[in-house]
2 protein chains.
Amino acid sequence: MRPPRLGRLAGRATVRHADDSSLAGLLPAADVLLVWDFTSDAVRRAWPGAGPRPGWVHTASAGVDRLLFPELVHSPTLVTNARGVFDIPIAEYVAGLIIAMAREFPVSWDLQRRRVWRHRETRTVAGSRAVVVGSGGIGRETARTLRALRVTVDLVGRQERTADPEFGRVHPAGALPGLLPLADWVVCAAPLTPATRGMFDAAAFALMKEGARFVNVGRGAHVVETDLIAALRSGRLAGAALDVFAEEPLPAGSPLWELPGVLLSPHMSGDTPGWEQTLADQFLDNFDRWVAGEPLHQVVDKQLGYAAASGTEPGAGAGAGAATGDAGEEHTEDLPA
Amino acid sequence: MRPPRLGRLAGRATVRHADDSSLAGLLPAADVLLVWDFTSDAVRRAWPGAGPRPGWVHTASAGVDRLLFPELVHSPTLVTNARGVFDIPIAEYVAGLIIAMAREFPVSWDLQRRRVWRHRETRTVAGSRAVVVGSGGIGRETARTLRALRVTVDLVGRQERTADPEFGRVHPAGALPGLLPLADWVVCAAPLTPATRGMFDAAAFALMKEGARFVNVGRGAHVVETDLIAALRSGRLAGAALDVFAEEPLPAGSPLWELPGVLLSPHMSGDTPGWEQTLADQFLDNFDRWVAGEPLHQVVDKQLGYAAASGTEPGAGAGAGAATGDAGEEHTEDLPA
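Cut-off values and rules
- Residues numbered from 1 in each chain as written.
- Chains lettered and ligands numbered in written order.
- Predicted model: local features only at pLDDT ≥ 70, side-chain atom pairs only at ≥ 80, totals over all residues.
- Heavy atoms only, no water.
- Phe/Tyr/Trp six-rings, centres within 6.5 Å; stacked < 30°, edge-to-face > 60°.
- Helix = DSSP H or I, 4+ residues; strand = E, 2+ residues; numbered from the N terminus.
- Domains from an automatic or database assignment.
- Buried area = accessible area lost by both parts, 1.4 Å probe.
- Least-squares fit on C-alpha atoms with pLDDT ≥ 70 in both.
- Contact = heavy atoms within 4.5 Å.
- UniProt positions renumbered as here; feature names shortened; annotations may be inferred.
- Salt bridge = Lys/Arg side-chain N within 4 Å of Asp/Glu carboxyl O.
- Polar contact = N/O pair within 3.5 Å; in protein donor to acceptor, adjacent residues only side chain to side chain.
- Expected span 1.5 Å × (residues − 1).
- Buried < 20%, exposed > 50% of the residue type's maximum accessible area, 1.4 Å probe, protein only.
- Pairing = 2+ DSSP bridges.
- Right-handed = clockwise from strand over helix to strand, strands pointing away.
- Axes fitted to C-alpha atoms, helices over the stretch in contact; angles between N-to-C directions.

Re the packing of aromatic side chains
Aromatic ring pairs: the centre-centre distance and the angle between the two ring planes describe each pair.
Right, so step 1: With the rule as written, the count across this model stands at 21 aromatic pairs over all chains.
Right, so step 2: Relative to A:F283, the ring of A:W56 lies with its centre 5.3 Å away and its plane at 25 degrees, an arrangement referred to as stacked. Here A:W56 is found in strand β3 (residues 56–59), whereas its partner A:F283 is found in helix α10 (residues 275–292), with 227 residues between them in sequence.
Right, so step 3: An aromatic cluster of at least three residues, connected via ring pairs, comprises A:Y93, A:F105, A:W109, B:Y93, B:F105 and B:W109.

Here we look at the domain arrangement of chain A
All names here are of chain A.
Right, so step 1: Domain boundaries assigned for chain A yield domain 1 (6–84 + 272–333) and domain 2 (87–264).
Right, so step 2: Inter-centroid distance (C-alpha atoms) of domain 1 to domain 2 is 31 Å.
Right, so step 3: Carbon and sulfur atoms supply 56% of the area buried between domain 1 and domain 2, which totals about 840 Å² over both sides.
Right, so step 4: In terms of surface lost to domain 2, no three residues of domain 1 exceed D65, L304 and Y306, which account for 49% of the buried area on that side.

Describing the relation of the copies chain B and chain A
Right, so step 1: For the pair chain B and chain A, the superposition axis carries a translation of 0.0 Å, the fit reaches an RMSD of 0.1 Å, and the rotation angle comes to 180 degrees. Between the two chains, the operation in question is that of a two-fold axis. In terms of C-alpha distance to the rotation axis, chain B has B:G96 as its closest residue, with the C-alpha 2.5 Å off the axis.
Right, so step 2: Both copies share a contact surface, since 100% of the interface residues of chain B are interface residues in chain A too.

Overview of the UniProt feature "domain: D-isomer specific 2-hydroxyacid dehydrogenase NAD-binding" (unreviewed entry) in chain A
Right, so step 1: Following the UniProt record, one finds the feature "domain: D-isomer specific 2-hydroxyacid dehydrogenase NAD-binding" (unreviewed entry) at residues 96–269 of chain A.
Right, so step 2: Note that residues 96–269 of chain A is 27% helix and 20% strand, and that its end C-alpha atoms are spaced 11 Å apart.

Quick notes on the interface of chain B and chain A
Right, so step 1: With 60 residues of chain B in contact, the opposing surface of chain A contributes 60 residues.
Right, so step 2: Around 5000 Å² of area is buried between chain B and chain A when both sides are counted, 61% of it from carbon and sulfur atoms.
Right, so step 3: Note that A:E141 is salt-bridged to B:R150, the shortest N-O span being 2.9 Å.
Right, so step 4: Joining chain B to chain A, the criterion identifies 28 residue pairs in polar contact (both at pLDDT 80 or more).
Right, so step 5: Broken down by secondary-structure element, the contributors of at least two residues to the side of chain B that touches chain A are α4 (87–102), α5 (105–113), α6 (137–148) and β12 (262–264) of chain B.

Remarks on helix α6 (residues 137–148) of chain A
Residue and element names in this part refer to chain A.
Right, so step 1: Compared with an ideal rise of 1.5 Å per residue, which puts 12 residues at 16 Å, α6 spans 17 Å between its outermost C-alpha atoms and is within 8% of the ideal.
Right, so step 2: Summarising burial for α6: nine of the 12 residues are buried, a large majority.
Right, so step 3: Along α6, the positions that sit buried rather than exposed are G137, I138, G139, R140, E141, T142, A143, T145 and L146.
Right, so step 4: Next to the buried residues of α6 lie α4 (87–102), β5 (129–133), β6 (152–156), β7 (161–164), β8 (168–170) and β9 (185–188).
Right, so step 5: Just beyond α6, the residue with positive phi is R150, at close to 70 degrees.

Overview of the pairing of β5(A)
Residues and elements named next belong to chain A.
Right, so step 1: The buried count for β5 comes to four of five residues, which makes it a mostly enclosed element.
Right, so step 2: Sheet topology note: the β5/β6 ladder contains five bridges and is parallel. Looking at β6, one finds that V132 is bridged to L155.
Right, so step 3: Crossover handedness for the path β5 to α6 to β6: right-handed.

Details of the sheet that holds strand β9 (residues 185–188) of chain B
All names here are of chain B.
Right, so step 1: Strand order across the open sheet formed by six strands is β6-β5-β9-β10-β11-β12, with parallel pairing between neighbours. Both outer strands of the open sheet, β6 (152–156) and β12, are each paired with one neighbouring strand and no more. On average, each strand axis in the sheet is tilted by 15 degrees relative to the strand beside it, whichever way the strands run.
Right, so step 2: Where strand β11 (residues 237–242) and β12 come together, three bridges link them in parallel fashion. Within β12, the position partnered with A241 by the bridge is L263.
Right, so step 3: Relative to the sheet, helix α9 (residues 225–233) contacts β10 (212–216), β11 and β12, its axis offset from that of β11 by approximately 140 degrees.

Describing the sheet that holds strand β12 (residues 262–264) of chain A
All names here are of chain A.
Right, so step 1: Taken in spatial order, the six strands line up as β6-β5-β9-β10-β11-β12 in an open sheet, and their pairing is parallel. Strands at the two margins of the open sheet, each flanked by one partner only, are β6 and β12. Within this sheet the neighbouring strands show an average axis-to-axis angle of 15 degrees, counted without direction.
Right, so step 2: The strands that helix α9 (residues 225–233) touches are β10 (212–216), β11 (237–242) and β12; relative to β11, the one it contacts most, it runs at about 140 degrees.

Next comes the structure, spelled out in structure tokens:
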């Protein structure tokens, strides 16, 4: 799994491909680190305790949770992410899952397999109500799409915003307990931070409306899976659609595979043909800015744990090297600096 | 299957419930006919060849195809339908089917049953292109919903409109052969008329893009099913989502049940909890207009075969009786006129 398009760096950077075992040796000499395998903890393990470190780390993912270990958070290193790439793919995926659950597509297709014709009445998503947790690009696009389907959406972010140009009000995280009982659909599209880790636990599920359904396109660690399973088994939740899991791939022994009302997919809601090219281009565009000393885009607020707005932080001058962190393989290409 | 809410007629009409065998005897004395079972051909069989006939027939369905036999078309009897009730339910259903096919929900859920984790990249509906055939309420709402999902939509009606306030251009039926090759999605939401019956045949499927998918929420008779099956088997069509069929319930022996890429549902795309109340209220609101001598709503253009616009035709004065046509049962209620 090598990033495509790095030929654009030819003549401008020495590119070294690293894996889990070689990364520690390469990092002290790297100006820039591209994290291509965002599921790897290699960066945390390899991060230099002292001495020279990359001035900029870019992760080809929306989530930055694996990068925000204390040593990196408290270093001067800039972190950028793939903000924006996944917004529309994930938003329409969520919309499709909600329609599928409301209109009982899985039931129809199960009946189809048995050649059974059984007419039912199913509730429209129009007129239903959703809470979308996460007011970044993915959460906002999800809210926008659900509103177009005539769903009433409460958008929840970290902090309250009362004059949002599109949504009017963005609710603060503290408002969630008051919103959960109203929602037919609860969608997690939040960044994984210490404040959001495990936020969907027994207490949260107990607040949800009887028969509500939960959708997770954030991170598995947003959810206490045993609590989710209990809420599904008790019937409080009518169902859940999960694209992310505490452990990925989902272990074969997980009860989630077979729980009634649970729809699974393998962490693919944002992944479309050409996504790797798009991700690589996003890094490379930032690399051009870095080399030119211009502000990088998609800069992550390391305290908040996500890219809070279009980046405005300056790059650190002419970079001369890049190391890509990839836990899967090791490869070195030397390009003239 | 008795219409609800007819208590609203108390004191204003004599209500007689009819079935296939009793309808012919009741029709000559009826001022108004409510067709509740729109799948029945009872009206055609029972329609009086001469003498007194109802002045107004309302069908609790969007499609009026079973009512537009020559004797009724050429009579002065007004026909109204359930225009509007199904627009939003069907539009979101179609949107959900298209997302499900694009994003491979059926594949994911098949893998789930086998406890297989297999990541794939799937194409977004955003950026794809659809042809929606049928520019009535259902087709327009479907087009509106797909556009909100960032799909490019060509809306096709009977006649060209170049200054449509919402869509700009509505293409005439004659433009369809030029549009089919461009579409990733072809959606049939048309009224069934002599002009549209069998319009999706081998010639139409041959014009569609390799790998296109077909969605039918119109009527089964829009499609030459053997031609559709051949187009699916040849691989020209990657799939189809069908809610309506030439014969309903779909016969157990139909190859459609098991064709790869085919998603079936039992004519339910518009049917939501409370729909029967909504349908009954729509008739009863029109009944109030009829009694008051006001123009009825949802008047069907019997030549065109659908309700072309909000009705403006006058009712025919104070009606004193209503007969409901229902092929399933016979019942008579006498209410003081």
